[in-house]
Amino acid sequence: MLTYDKSFCWHEGLSKESVESLFNGLDFPVVGNSDSTNLFLYREIMETYPEAKFVLIDRDIYEVYNSLVNLGLMTPRGADLLNRAEVIMDLLKDNYDVLSIPFNEIDNRLVEIWNYCTGLPVNEQRLKMLSSLRIEVDMNSYINNVLKSKNYKQILSVVLGDT
């Protein structure tokens with residue numbers, strides 16, 4: 001959604017790149033990364049990119065758990081991961097200027113998300129077209145990339161309790 005015109009947004013970029021190298025070589029005035037691991041690397045992101053903005057998608061933790069179970073992605077450590085994510089989201093909401101969007105309102109708030117993230121003029125026709133698409137992550141590839149990523153040990157340490 002956010003890769004358009006003068007804006008570039010990685011999707012799951014931290015599964016391939018380090019926080020420091022994520023935007024190297026990109027010639028765009030606005031850059032970002034839509035990535036669930038952003039949450040676990042928020043400190044490094046804020047240190048590296050002090051002007052970083054966070055959009056948090058609020059969804060009931062039990063809905064997330066059940067969704068992951070249905071996808072076959074719930075691991076023995078999965079509940080720990082979700083609990084840790086919830087703690088970090090609350091910390092971000094309490095201490096940073098974040099945009100928090102309920103999961104079921106994403107499609108209706110695309111313009112707000114665009115404006116918050118980019119500050120660039122919005123192409124509402126394009127956003128309407130994008131909201132009609134079903135875009136999903138290839139979870140097997142994503143998980144394999146995360147397990148191989150430079151950030152895996154750091155993410156794991158946060159999940160295990162070192163916020």
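Residues numbered from 1 in each chain as written. Predicted model: local features only at pLDDT ≥ 70, side-chain atom pairs only at ≥ 80, totals over all residues. Heavy atoms only, no water.

A. Seen up close, the packing of helix H4 (residues 110-118) against helix H5 (residues 124-131). Between H4 and H5, the least distance of the axes is 10 Å, while the angle of their chain directions is 120°. As summarised for this structure, H4 and H5 are arranged oblique, according to the angle between their axes. When the axes of H4 and H5 are compared, the crossing they make is right-handed. Across from Leu-110, Val-111 and Trp-114 in H4, the residues of H5 making contact are Glu-124, Leu-127 and Ser-131. In terms of residue class, the contact of H4 with H5 is made up of 4 nonpolar, 1 polar and 1 charged. (Axes fitted to C-alpha atoms, helices over the stretch in contact; angles between N-to-C directions. Helix = DSSP H or I, 4+ residues; strand = E, 2+ residues; numbered from the N terminus. Parallel < 35°, antiparallel > 145°, perpendicular 65-115°, else oblique. Left-handed = near helix turned anticlockwise from the far one by under 90°. Contact = heavy atoms within 4.5 Å. Nonpolar A, V, L, I, M, F, W, Y, C, P; charged D, E, K, R; others polar.)

B. View of the packing of helix H2 (residues 61-70) against helix H3 (residues 78-95). Where H2 contacts H3, the axes come no closer than 11 Å and their chain directions differ by 145°. Along this stretch, H2 crosses H3, giving a crossing that reads as right-handed. Contact residues: Ile-61, Val-64, Tyr-65 and Leu-68 in H2; Leu-82, Asn-83 and Glu-86 in H3. Along the lines of polarity and charge, the residues of the contact of H2 with H3 split into 5 nonpolar, 1 polar and 1 charged.

C. Region of the structure containing the pattern of salt bridges. All told, the structure shown has 4 salt bridges when counted by the stated rule. A salt bridge links Glu-105 to Arg-109; its shortest N-O distance comes to 2.9 Å. What makes Glu-105 partly exposed here is its relative accessible area of 31%. Ionic pairing is found between Glu-112 and Arg-109, a salt bridge with its closest N-O pair at 2.7 Å. The exposure class of Glu-112 is partly exposed, given its relative accessible area of 33%. Among the charged side chains, a network of salt bridges with common partners joins Glu-105, Arg-109 and Glu-112. (Salt bridge = Lys/Arg side-chain N within 4 Å of Asp/Glu carboxyl O. Buried < 20%, exposed > 50% of the residue type's maximum accessible area, 1.4 Å probe, protein only.)

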